[in-house]
Amino acid sequence: MAQATTYDIILAGGGTCSLIIAGRLAAADPTLRILVVEAGLTTREDPLHTQPARYLYHLRPESTTVRFHVGRESPALNGRAPVVPCGQCIGGGSSVNFTMYTRAAASDYDDWEKVYGNPGWTSADLLPLLRQCETYQLQPGKPTHGYSGPLKVSYGGFVTQTGKEFLDVAAQYDKTRGTMEDVNSLFECNKYGRWQKWIDATTGKRSDVPHNYIFNHAFNDNLEILTGYDVKKVIFEEKCAVGIEYAASTRFRPDAKPEVLTALARRLVVVSAGSFGSPAILERSGIGSKEVLGRAGVEQIVDLPGVGENYQDHQVIFAPYIAADSATTLDGIVANNESEIDKWSTQWQKDGTGLLADNGLDAGIKMRPWEEDLDAIGEGFRKRWLEFYVPAPDKPVLWIGTVSVFPGDPTKLSGKKAFSVGWHIEHPASTGHVHIVTADDPQAPLDFHAGYLDAPEDMPLHLWGYKRSREYARRLPSYRGELVEFHPSFAAGTAAAIGLRDGPVAVDEPDIVYTEEDDKVLDEYIRGAIGTAWHSLGTCAMKKREEGGVVDSRLNVHGVDGLKVVDMSICPGNVAANTYSTAIVIGEKGAILIAEELGIPITWGEAARHAVSS
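Not measured: the values here are computed from a predicted model.

Basis of the calculations
- Per chain, the residues get numbers from 1 upward, laid out in the order the sequence is written.
- Given that this is a predicted model, residues contribute local features only at a pLDDT of at least 70 and side-chain atom pairs are listed and counted only at 80 or more, while totals for whole chains, interfaces and linings are drawn from all residues.
- Remark: hydrogens and water are excluded; side-chain values derive from all non-hydrogen atoms of the structure.
- Per the convention used, a helix needs a DSSP run of H or I reaching at least four residues, while a strand needs a run of E reaching at least two, with both numbered from the N terminus.
- As a reference, a globule follows 2.2 Å times the number of residues to the power 0.38, and the radius of gyration itself is taken over C-alpha atoms.
- With a 1.4 Å probe rolled over the protein chains alone, any residue whose accessible area is under 20% of its type maximum counts as buried; one over 50% counts as exposed, and the rest are partly exposed.
- Using the Shrake-Rupley algorithm and a 1.4 Å probe, accessible areas are obtained, with residue cover drawn only from the displayed protein chains.
- His is not counted, nor are the chain ends; Lys and Arg add positive charge and Asp and Glu add negative charge.
- Here the site of a charge means atom NZ of a Lys, CZ of an Arg, CG of an Asp or CD of a Glu.
- Geometry of aromatic contacts follows a simple scheme: Phe, Tyr and Trp rings, the Trp one being its six-membered ring, pair when their centres are within 6.5 Å, and the pair is stacked under 30 degrees between planes, edge-to-face over 60, tilted otherwise.
- Two limits define a charge over a ring: the Lys NZ or Arg CZ must be within 6 Å of the ring centre, and within 35 degrees of the ring normal.
- For cavity detection a 1 Å grid was placed over the protein atoms alone, and a set of points counts as a cavity when a 1.4 Å probe fits there but cannot get out; an open set counts as a pocket when protein lies on both sides within 12 Å along at least five of seven lines, with lining residues being those that have an atom within 4 Å of a point.
- Grid points are joined across faces, edges and corners, and a volume is the space filled by probe spheres set on the points.
- Any residue outside Ala, Val, Leu, Ile, Met, Phe, Trp, Tyr, Cys, Pro, Asp, Glu, Lys and Arg is labelled polar, Gly included; the first ten of those are nonpolar and the last four are charged.
- Polar contact is defined as a pair of N or O atoms within 3.5 Å, subject to the rule that within protein one atom must be able to donate a hydrogen and the other to accept it, and that residues adjacent in sequence are counted only when both atoms are side-chain atoms.
- For this analysis, residues touch if any pair of their heavy atoms sits within 4.5 Å.
- A pair of strands is labelled paired if DSSP reports no fewer than 2 bridges between them.
- If the strands point away from the viewer and the path from the first strand over the helix to the second runs clockwise, then the crossover is right-handed.
- Axis definition: a line fit to C-alpha positions, over the contact stretch in the case of helices; interaxial angles, taken between N-to-C directions, run 0 to 180 degrees.
- Buried residues of nine kinds, namely Ala, Val, Leu, Ile, Met, Phe, Trp, Tyr and Cys, make up a nonpolar core once their side-chain atoms join them within 4.5 Å.
- By definition here, a salt bridge exists when the distance from a side-chain nitrogen of Lys or Arg to a carboxyl oxygen of Asp or Glu is within 4 Å.
- Here is the rule for angles: anything less than 35 degrees is roughly parallel, anything more than 145 is roughly antiparallel, 65 through 115 is roughly perpendicular, and the remaining ranges are oblique.

Asks: Where do I start with the overall build of the protein chain in this structure?
Replies: Summing up its helical and strand segments, the protein chain has 16 helices and 21 strands in all. A compact globule built from 614 residues would reach a C-alpha radius of gyration of about 25 Å, and the protein chain, at 24 Å, matches this within 12%. Counting the 614 residues in the protein chain, one finds 63% classified as buried. If you sum the accessible surface of the protein chain, you get close to 22,300 Å²; carbon and sulfur atoms cover 50% of it. Taking the 59 positively charged and 80 negatively charged side chains of the protein chain as two groups, their mean positions are separated by 2 Å.

Asks: Would you mind going over the packing of aromatic side chains with me for this structure?
Replies: Aromatic ring pairs are described here by two measures, namely the spacing of the ring centres and the angle between the planes. In total, this model carries 31 aromatic pairs according to the counting rule given. Judged by centre distance (5.0 Å) and plane angle (85°), the ring pair of F388 and Y389 falls under edge-to-face. Overall, F388 belongs to the partly exposed group, its relative accessible area being 25%. One cation-aromatic arrangement involves R60 over Y57; the distance from NZ or CZ to the ring centre is 3.7 Å. Cation over ring: R384 sits above F388, and NZ or CZ is 4.4 Å from the ring centre.

Asks: Looking at this structure, I do not really get the layout of surface pockets. What am I missing?
Replies: Space inside the largest pocket adds up to approximately 1,100 Å³. Along its surface, the largest pocket is lined by 35 residues, and L59, P407, G408, D409 and W534 are the ones closest to its centre. Contributions of two or more residues to the lining of the largest pocket are made by β4 (83-87), β14 (316-323), α9 (331-334) and α14 (516-529). The residue inventory of the lining of the largest pocket, partitioned by class, reads 25 nonpolar, 5 polar and 5 charged. Counted as a void, the second largest pocket has a volume near 390 Å³. In terms of lining residues, the second largest pocket is bounded by 19 residues, among which D373, A376, W464, R468 and D511 are the most central. Looking at the lining of the second largest pocket, the elements that each hand over two or more residues are α11 (371-377) and α13 (459-473). No other element matches α13, which puts 6 residues into the lining of the second largest pocket. Along the lines of polarity and charge, the residues of the lining of the second largest pocket split into 9 nonpolar, 1 polar and 9 charged.

Asks: Whenever I open this one, the side chain of H433 confuses me. Can you help?
Replies: As for its placement among the helices and strands, H433 is situated in strand β18 (residues 433-435). A polar side-chain atom of H433 sits 3.4 Å from a polar atom in the side chain of D447. Residue contacts for H433: discarding those within four places in its chain leaves R72, G308, E309, Y311, D447, F448 and H449.

Asks: Would you mind going over the environment of R206 with me for this structure?
Replies: Following the sequence through the fold, R206 ends up in the loop between β7 (192-194) and α6 (210-214). C-alpha of R206 to C-alpha of D519: the two residues are 313 residues apart in sequence and 40 Å apart in space. Not counting residues up to four positions away in its chain, the partners in contact with R206 are H49, T50, P52, Y55, G93, S94, S95, V96, N97, T99, W198 and N212. A polar contact is formed between the side chain of R206 and the backbone oxygen of H49, at a distance of 2.7 Å. Reaching out from R206, the side chain makes a polar contact with the side chain of N97 at a distance of 2.8 Å.

Asks: Any chance you could explain the pairing of strand β2 (residues 34-38) here in plain terms?
Replies: With 5 of 5 residues buried, β2 is to be regarded as a mostly interior element. Here β2 shows a buried face lined by I34, V36 and E38 and a second buried face lined by L35 and V37. Bridge count for strand β1 (residues 5-12) against β2 is 4 bridges, and the pairing is parallel. From the neighbouring strand, I10 faces β2, where its bridge partner is L35. In this region the chain leaves β1, passes through helix α1 (residues 16-28) and returns to the parallel neighbour β2; the handedness of that crossover is right-handed.

Asks: So what exactly am I meant to see when it comes to unusual backbone geometry here?
Replies: Although it is not a glycine, E238 adopts a positive phi angle of roughly 50°. For E238, the position within the fold is in the loop between β9 (229-237) and β10 (240-248). The class of E238 is exposed, set by a relative accessible area of 80%. Notably, S414 is not glycine yet its phi reads approximately 50°, a positive angle.

Asks: Teacher, can you tell me more about the sheet that holds strand β15 (residues 363-367) here?
Replies: Within a sheet, adjacent strands bond to each other through the backbone by hydrogen bonds, running parallel or antiparallel. Taken in spatial order, the 6 strands of this open sheet run β7-β15-β16-β17-β14-β20, and their pairing is antiparallel. Edge positions in the sheet fall to β7 and β20 (479-482), since each of these pairs with one other strand and no more. Recorded for the sheet is a direction-independent mean angle of 25° between the axes of neighbouring strands. The sheet contact formed by strand β16 (residues 398-403) and strand β17 (residues 417-425) spans 6 bridges and is antiparallel. Bridge pairing links V403 to S420 in β17. Sheet strands in contact with helix α5 (residues 161-173) are β7, β15, β16 and β17, and its direction is about 155° off that of β7. The strands touched by α13 are β7, β14, β15, β16, β17 and β20; relative to β17, the strand with the most contacts, the crossing angle is about 145°.

Asks: Is there a simple way to explain the nonpolar core in this structure?
Replies: In summary, soluble globular proteins display a tendency toward joint burial of nonpolar side chains. I9, L25, W121, L282, I287, L563 and I586 are the most contacted members of the largest nonpolar core, which has 92 residues in total. It is helix α15 (residues 580-598) that contributes the most residues to this core, 11 residues altogether. Judged by nonpolar contacts, the second largest core, of 59 residues, contains L77, Y192, M367 and F419.

Asks: Could you clarify how one ought to interpret the pattern of salt bridges in this entry?
Replies: Side chains bearing opposite charge may pair, as long as their charged atoms lie close to each other. Considering all chains together, one arrives at 32 salt bridges under this definition. Between D174 and R468 there is a salt bridge, with the nearest N and O atoms lying 3.0 Å from each other. Taken as a pair, D174 in the loop between α5 and β7 and R468 in helix α13 lie far apart in primary sequence, 294 residues in all. Because the salt bridges share partners, they merge into one network encompassing D174, R177, D373 and R468.

Asks: Before we go on, may I ask you to explain the packing of helix α4 (residues 123-132) against α15 in this structure?
Replies: The geometry of α4 relative to α15 is characterised by a closest axis approach of 9 Å and an angle of 105° between their N-to-C directions. Classified by the angle their axes make, α4 and α15 are roughly perpendicular. Residues L126, L129, L130 and Q132 of α4 touch α15, and the partners they reach there are S581, V585, E588, K589 and I592. For the contact of α4 with α15, the class distribution of residues is 5 nonpolar, 2 polar and 2 charged.

Below, the structure is given as structure tokens:
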């Protein structure tokens, strides 16, 4: 084994939260020796990352910027094994996500304290962090937004026809909900609006963490970032974390010497490898359930049966529709059409505008059902509605919105253009797990069960989500019918039948009436089509140890010293949002907690200090 190098702080993982911590602490105290170890490679000034419209490039089967996790075959999915990608590159999800700016409901964060017992994690505590991370480039003077942070928020450099059409149709089709200027104010939902994006309005670039917390600063050599290395485990001395073992990734450094390397930490080890990577590192280190560790051949150090449990995601379907030839979509960019990319690249490089400065997700709603909607959803959801949603009127049930692209294999379009109207459940009742199966191989497949549709109360929402989203789609002026292969096989000649169309129906056209047989067909379709929203969380939950928790409210791992987990895996409950915003908040909070405990000066704002005052 090579001689170990010693650092003050070691961060296992180089994703969103890790780099926020590294950037904040390195700027606050340049004498700190900080090591970041990331399995993936750099993203620096790579247009496939900095150009927002290129996000689907990272979901290709041959992608080298994400890792695909294959779940167990599930009876709830008719025997299908779901595949869930997660970022595996510098910046993690921030470098490959859809750039959707979506905040949780305030009550989601309030639950973290009131329901799960974590002081300092309410929406009032976290709002200063939400503000300090961003520069809101839209309306000035909004009290829930920030105007001097590193990450830029705008509408992007383009707005698609289908996005505009969705808002126009919604205003006529659904006059009960209305519209709002800011769909992500934190405290209100159930109104339609134009969707914000993690895109810099000036440059047209993705607002990722590495380019805005790390690459744009002249840090000295005391901040070291290693890429292409897997963290094998945390090293302990009498239950105190003192370092890590790591090795060159066989995926990214196949020719490297196959040796185990050691790095020691004087002050702290932070595991920040995401909802798949973090529980796996803990389990390989001997922290977890005796049964799981025993099967993998790992000696147990601490009995924490909650490690790897509580896996949650937002189950999503983007139902695709044929678009009019006149519609502007991202399909040409996704298909890597050279002339299309060259055309938009010229504009993007000139002034940061155009389709490359957009994600095609231009409009939507965080929706709560009215009473008549609840009747349509059915009794299968009623109990969850009464117990979970009625006491929290800011909590949406579904997100529904347009995306001006077919988010699948572009060859299936046969030269046509497409748009999708998608939906996902904001707080699925279904949960799963993530566990190791081998003692020391970070590249080995995990025992992963996504849990999609395991809880029966989730299905009624999906049935309603399809029906509701289709009503918007078939009224859009750009609508030319369904992309048949990716819709339910309703019987021909029925009201629900799918197919190509010459144009939309009238806005005041009655909704489709689905028969009992149609609902059976739709149920089968959903079980075959439901997939990840790329929003994995919860597998190292911030809860009391006796309630299945893995970390406490200061993100310390129960039962050991000198070890924290800081990433989306710590979420004790789900959030009604794309997870990037919450990941940023967790990273900012983690940086402050670490600075407080280690006596590092907090140099980035009074609001942040107030957020963790006790």
